[in-house]
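Chain by chain, the residues run as shown.
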Amino acid sequence: MTTKTRHSDARSSVTQETLYEAELARGLLSADENAFAALYRRWGSLVHTMATRSLGDTHEAEDVTQQVFLGAWRGRNGYLPEKGPPGAWLVGITRRKIVDALAARTRRLTLIDTVTHNADGRRHGESAPDEVLDRVLLVDALARLPHSQREVLCLGFYQDLTQAQIAELTGMPLGTVKSHTRRGLRRLREAVEQGRADENAA
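Residues numbered from 1 in each chain as written. Predicted model: local features only at pLDDT ≥ 70, side-chain atom pairs only at ≥ 80, totals over all residues. Heavy atoms only, no water.

Participant: Help me get a handle on the overall build of the protein chain, residues and values and all.
Facilitator: Of the regular secondary structure elements, the protein chain holds 8 helices and 0 strands. For the protein chain, the N- to C-terminal ordering of α and β elements is α-α-α-α-α-α-α-α. For the protein chain, the residues scored as buried account for 34% of the 202 residues in total. If you take every contact in the protein chain between residues at least 6 apart in sequence, the share linking residues at least 24 apart comes to 61%. Accessible surface for the protein chain amounts to roughly 12600 Å². Of this, 51% is attributable to carbon and sulfur atoms. (Helix = DSSP H or I, 4+ residues; strand = E, 2+ residues; numbered from the N terminus. Buried < 20%, exposed > 50% of the residue type's maximum accessible area, 1.4 Å probe, protein only. Contact = heavy atoms within 4.5 Å. Areas by Shrake-Rupley, 256 points an atom, 1.4 Å probe, with all protein chains shown as cover.)

This is the structure we're talking about:
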């Protein structure tokens, strides 16, 4: 094969790629489910790889990948082909979802820190088994909270919503949301304290 032929084949391949992406873009904008499935097959692994590298957790990366494509489908009318191919648009969504996932992770860690470190003025440098115990106690205590308190705490720490957003979403008055938050955190601290005491007694 001559150099000219190779260059011609390369240009042809790029042209076919561009045309295929333009076809997928049209399909996305027209809510064509087959085109959307093709988008997922084409860029799903890239999205998942980006999420895995950033989060360091395969399960979280799978969740982010689902959120990316769900967000892409719901927000397809916001895609502007003239600003770039579908892949670049999906990468942009992926970066935002990764940021959201990291923020939610921080919220979860903050919840654990708020409850465990305020429960009895914890000392620094405790052992890993103690930290695991605290997490187990916390999850169990959270499951035992009254529904309204559990809902408010979960929306705040797991969904990364502000108290005002929780009030809007649930229809609760903002004062009620704040009250549920305070009471829920107090119950969690009490449950963790009791769990530690029981463990020490055993």
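Participant: Any chance you could break down the packing of helix 2 (residues 33-55) against helix 3 (residues 58-74) for me, citing the residues and the numbers?
Facilitator: The interhelical angle for the contact between helix 2 and helix 3, taken along N-to-C directions, is 140°, at an axis separation of 8 Å. Here the hand of the crossing between helix 2 and helix 3 comes out right-handed. Across from Glu 33, Phe 36, Leu 39, Tyr 40, Trp 43, Gly 44, Val 47, His 48, Ala 51, Thr 52 and Leu 55 in helix 2, the residues of helix 3 making contact are Thr 58, Glu 60, Ala 61, Glu 62, Val 64, Thr 65, Val 68, Phe 69, Ala 72 and Trp 73. Residue composition of the contact of helix 2 with helix 3, by class: 13 nonpolar, 5 polar and 3 charged. (Axes fitted to C-alpha atoms, helices over the stretch in contact; angles between N-to-C directions. Left-handed = near helix turned anticlockwise from the far one by under 90°. Nonpolar A, V, L, I, M, F, W, Y, C, P; charged D, E, K, R; others polar.)

Participant: Please provide a residue-by-residue account of the packing of aromatic side chains, values included.
Facilitator: For the structure shown, the criterion picks out 4 aromatic pairs. Ring plane angle 75° and centroid distance 6.2 Å describe the contact between Phe 36 and Phe 69, whose orientation is recorded as edge-to-face. Here Phe 69 lies in helix 3 and Phe 36 lies in helix 2, a separation of 33 residues in the sequence. Consider the rings of Tyr 79 and Trp 89, whose centres lie 5.1 Å apart with planes at 45°: the pair is tilted. Of this pair, Tyr 79 sits in the loop between helix 3 and helix 4 (86-119) while Trp 89 sits in helix 4, and the two are 10 residues apart along the sequence. As far as burial versus exposure is concerned, Tyr 79 and Trp 89 are alike and both buried. In this arrangement the basic side chain of Arg 76 is found over the ring face of Trp 73, its NZ or CZ atom lying 4.2 Å from the centre. (Phe/Tyr/Trp six-rings, centres within 6.5 Å; stacked < 30°, edge-to-face > 60°. Lys NZ or Arg CZ within 6 Å of the ring centre and 35° of its normal.)

Participant: Before we move on, can you summarise the environment of Thr 49 with the specific residues and values?
Facilitator: Looking at the element boundaries, Thr 49 is found in helix 2. On the accessibility criterion, Thr 49 (32% relative accessible area) is partly exposed. Here the alpha-carbon distance between Thr 49 and Ala 61, two residues 12 residues apart in the chain, equals 7.8 Å. From its side chain, Thr 49 meets the backbone oxygen of Ser 45 in a polar contact 2.8 Å long. (Polar contact = N/O pair within 3.5 Å; in protein donor to acceptor, adjacent residues only side chain to side chain.)

Participant: Tell me about a positive patch on the surface, residues and numbers included.
Facilitator: A grouping of Lys 178, Arg 182, Arg 183, Arg 186 and Arg 187 is seen on the molecular surface, where their side chains present a positively charged patch. If you trace the backbone, Arg 182 turns up in helix 8 (residues 174-201). Residue classification places Arg 182 among the exposed positions, given a relative accessible area of 53%. (Patch = residues over 30% accessible without salt bridge, like charges linked within 9 Å, V, L, I, M, F, W, Y side chains within 5 Å. Salt bridge = Lys/Arg side-chain N within 4 Å of Asp/Glu carboxyl O. Lys, Arg positive; Asp, Glu negative; His and termini not counted. Charge placed at Lys NZ, Arg CZ, Asp CG, Glu CD.)

Participant: Could you give an account of helix 3, with specific residues and numbers?
Facilitator: Compared with an ideal rise of 1.5 Å per residue, which puts 17 residues at 24 Å, helix 3 spans 24 Å between its outermost C-alpha atoms and is within 8% of the ideal. Burial in helix 3 covers these residues: Glu 60, Ala 61, Val 64, Thr 65, Val 68, Phe 69 and Ala 72. Angular distribution of buried residues about the axis of helix 3 spans 165°; they occupy a single face of the element. Within helix 3, the exposed residues directed more than 90 degrees away from the buried face are His 59, Gln 66 and Arg 74. (Expected span 1.5 Å × (residues − 1). Arc of directions from axis to C-beta.)

Participant: Could you give an account of the side chain of Gln 149, naming the residues involved and the relevant values?
Facilitator: Within the secondary structure, Gln 149 sits in helix 6 (residues 147-157). Not counting the four nearest positions on each side in its chain, Gln 149 is found in contact with His 180, Arg 183, Gly 184 and Arg 187.

Participant: Which residues make up the side chain of Glu 21, and what are the values?
Facilitator: Mapped onto the secondary structure, Glu 21 falls in helix 1 (residues 3-29). In this structure Glu 21 is buried but unpaired, with Arg 42 as the nearest side chain of opposite charge at 4.1 Å.

Participant: A description of the environment of Tyr 40 should follow, citing residues and the corresponding values.
Facilitator: Residue placement: Tyr 40 occurs in helix 2. Residue Tyr 40 is classed as partly exposed on the basis of its relative accessible area, which comes to 44%. In the structure, Tyr 40 is positioned 25 residues away from Thr 65 in sequence and 9.6 Å away in space, judged by C-alpha atoms. Residues in contact with Tyr 40, not counting those within four places in the same chain, are Thr 65 and Phe 69.

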